[in-house]
Amino acid sequence: RADATLGPVLAKNVEFETMDLEHISGKFDTVFCIDVMIHYPDEKLEEMIKHLSSVAERRMIITFAPYTLALGLLKQIGSLFPGPSKATRAYLHKESDVVNILKKLGWSVKRTDFISSKFYFSKIIEVTK
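Residues numbered from 1 in each chain as written. Predicted model: local features only at pLDDT ≥ 70, side-chain atom pairs only at ≥ 80, totals over all residues. Heavy atoms only, no water.

A. View of the sheet that holds strand 3 (residues 108-116). An order of 1-2-4-3 is seen for the four strands of this open sheet, with the pairing classed as mixed. Each end of this open sheet is capped by a strand with a single partner; those strands are strand 1 (28-33) and strand 3. Strand-to-strand twist of the sheet, defined as the mean angle between neighbouring strand axes without regard to direction, takes the value 10°. Sheet analysis places strand 1 next to strand 2 (residues 56-64), joined by five bridges and oriented parallel. In the strand pairing of strand 2, F32 is matched with I61. Helix 3 (residues 42-55) rests against strand 1 and strand 2 of the sheet, and its axis sits at about 145° to strand 2. (Pairing = 2+ DSSP bridges. Helix = DSSP H or I, 4+ residues; strand = E, 2+ residues; numbered from the N terminus. Axes fitted to C-alpha atoms, helices over the stretch in contact; angles between N-to-C directions. Contact = heavy atoms within 4.5 Å.)

B. Quick look at the nonpolar core. Counting 23 residues, the largest nonpolar core has M37, L52, M60, I62 and L102 as its most contacted members. Of the residues forming this core, the biggest block, five residues, is contributed by helix 3. Discounting residues that sit within four places of it in the chain, M60 has contacts with V31, L52, S53, L102, W107, I125, E126 and V127. (Core = buried A, V, L, I, M, F, W, Y, C linked by side-chain atoms within 4.5 Å. Buried < 20%, exposed > 50% of the residue type's maximum accessible area, 1.4 Å probe, protein only.)

Laid out in structure tokens, this is it:
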């Protein structure tokens, strides 16, 4: 697919790597962090975004579970019932918090969108330097 999109010469320069967020190192043109921030509480959010920012040179694409009144309420209701499967363990983050951290680190929001299906809600954000 890279050959068809970029042409065979540029496609040879594309490399994908999968790494643990807390141990990622090196420098990358673009960093994707998809469905990872749900595992980090607000207290660690800025630290994780700073770490991603330190390895991204030009662009980052991040998804996170957005805090909304409706999702926050559903999480609270689920926590009233016994058993771990009744309430999501996903950490919800306010979009304004994520954006403010990114801007403080010198990133500009290029675009955002909301991703949803029956049981999946996520916010995707692309930022550039």
